[in-house]
Amino acid sequence: MPADAARYREIRLAGLKSSPEAFGSTFETESVRPLSSFSERLDAAAVFGAFHGAELWGIAGFAARNGVKEAHKGLLWGMYVRPDARKAGVGRRLVEAVIEFARQRVELLQLSVVSDNEQARRLYARLGFIEYGVEKNSLKQQGRYYDEVLMALDLIGDWEQRSLAVRGANDALSEELASPSAE
């Protein structure tokens with residue numbers, strides 16, 4: 001719908017302008033794109049919006065990975081909540097909506113977040129995302145580099161429990177190999 005594309009374009013550009021370091025794209029690049037480009041993006045991926053009346057307070061996108069070997073993974077992308085709507089639970093509800101949508105489609109939900117964005121990192125961690133890496137100098141904005149923290153949520157199991165079980169089994173095996181045989 002043209003109205004959805006216009007609302008999406010407006011909040012996307014607001015995010016790119018107010019938090020340029022948080023996105024892979026730029027305001028300058030996207031502000032010159034036609035409305036049809038935003039409409040195509042809405043058609044190609046699942047984009048969730050948080051509304052307060054007619055005003056769009058926040059957005060978050062989901063896209064499944066392409067290719068046979070990566071089809072089990074999805075990406076949470078383009079998350080943005082207007083500054084005046086933060087700390088009202090909008091971000092949490094958007095991420096929860098993406099998680100529920102993704103749960104029916106993929107096994108693993110991934111995201112990346114600028115390492116300086118502690119508030120977003122805490123939100124994702126509270127919702128079960130685990131940090132598994134850092135991409136150094138991932139983004140460059142006005143001569144400054146930004147690292148991105150890579151996070152993932154296992155939608156079909158519990159990574160932490162599996163990780164603890166594997167670690168415990170490895171510790172037991174190490175102890176067994178280290179102790180002298182009782183022959």
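Preceding block: the structure.
What comes next concerns the included structure. (Residues numbered from 1 in each chain as written. Predicted model: local features only at pLDDT ≥ 70, side-chain atom pairs only at ≥ 80, totals over all residues. Heavy atoms only, no water.)

1. Some remarks on the overall build of the chain
Step number 1: Assigned secondary structure in the chain consists of six helices and six strands.
Step number 2: The linear arrangement of helices and strands in the chain, starting from the amino end, is α-α-α-β-β-β-α-β-α-β-β-α.
Step number 3: The buried share of the chain, taken over its 183 residues, is 37%.
Step number 4: Considering only residue pairs separated by 6 or more positions, the chain has 59% of its internal contacts joining residues 24 or more positions apart.
Step number 5: Total accessible area on the chain is roughly 11,100 Å²; 51% of this is exposed by carbon and sulfur atoms. (Helix = DSSP H or I, 4+ residues; strand = E, 2+ residues; numbered from the N terminus. Buried < 20%, exposed > 50% of the residue type's maximum accessible area, 1.4 Å probe, protein only. Contact = heavy atoms within 4.5 Å. Areas by Shrake-Rupley, 256 points an atom, 1.4 Å probe, with all protein chains shown as cover.)

2. Some thoughts on the environment of Leu 108
Step number 1: Residue position: Leu 108 is located in strand S4 (residues 108-114).
Step number 2: Leu 108 gets classed as buried once you look at its relative accessible area, which sits at 13%.
Step number 3: Taking the C-alpha atoms as reference points, Leu 108 and Ala 71, 37 residues apart in sequence, are found 9.6 Å from one another.

3. Brief notes about the pairing of S4
Step number 1: Most of S4 is tucked away, with six of its seven residues classed as buried.
Step number 2: One ladder, built from three bridges, connects strand S3 (residues 73-81) with S4; its direction is parallel. Residue pairing in the sheet places Lys 73 in a bridge with Leu 108 of S4.
Step number 3: Regarding topology, helix H4 (residues 90-103) serves as the crossover connection from S3 to the parallel S4, and that connection is right-handed.
Step number 4: In this structure, S4 lies alongside strand S6 (residues 144-154), joined through seven bridges in antiparallel fashion. Pairing of Leu 111 across the sheet is with Met 151, part of S6. (Pairing = 2+ DSSP bridges. Right-handed = clockwise from strand over helix to strand, strands pointing away.)

4. Comments concerning the sheet that holds strand S1 (residues 46-52)
Step number 1: In spatial order, the strands read S1-S2-S3-S4-S6-S5; together these six strands make up an open sheet with mixed pairing. Of all the strands in the sheet, the pair left with one neighbour each is S1 and strand S5 (130-141). Pairs of neighbouring strands in the sheet enclose a mean axial angle of 25°, with direction left out of account.
Step number 2: Here six bridges tie strand S2 (residues 55-64) to S3, and the two strands are oriented antiparallel to one another. Counted as the bridge partner of Ile 59 is Tyr 80 from S3.
Step number 3: Packing against the sheet, H4 makes contact with S1, S2, S3, S4 and S6, and its axis sits at approximately 30° to S2. (Axes fitted to C-alpha atoms, helices over the stretch in contact; angles between N-to-C directions.)

5. Quick notes on the pattern of salt bridges
Step number 1: The final tally for this structure, using the stated rule, is 13 salt bridges.
Step number 2: One salt bridge in this structure joins Asp 147 and Lys 136, with 3.4 Å as the shortest N-O distance. Here Lys 136 lies in strand S5 and Asp 147 lies in strand S6, a separation of 11 residues in the sequence.
Step number 3: Among the charged side chains, a network of salt bridges with common partners joins Arg 12, Glu 30, Arg 33 and Arg 41. (Salt bridge = Lys/Arg side-chain N within 4 Å of Asp/Glu carboxyl O.)

6. Here we look at the layout of surface pockets
Step number 1: Approximately 920 Å³ is the volume found for the largest pocket.
Step number 2: Listing elements by their share of the lining of the largest pocket, those giving two or more residues are S3, H4, S4 and helix H5 (118-126).
Step number 3: Broken down by element, the lining of the largest pocket gets its largest block of residues, seven residues, from S3.
Step number 4: Among the residues making up the lining of the largest pocket, the classes are represented as 18 nonpolar, nine polar and 11 charged.
Step number 5: Asp 4, Arg 7, Tyr 8, Leu 42, Ala 45, Val 47, Phe 48, Gly 49, Phe 51, Leu 56 and Ile 59 together form the lining of the second largest pocket.
Step number 6: It is S1 that provides the largest number of residues to the lining of the second largest pocket, a total of four residues.
Step number 7: Grouping the constituent residues of the lining of the second largest pocket by class yields eight nonpolar, one polar and two charged. (1 Å grid on protein atoms, 1.4 Å probe; cavity = no way out; pocket = protein on both sides within 12 Å on 5 of 7 lines; lining within 4 Å. Points joined across faces, edges and corners; volume = space filled by probe spheres on them. Nonpolar A, V, L, I, M, F, W, Y, C, P; charged D, E, K, R; others polar.)

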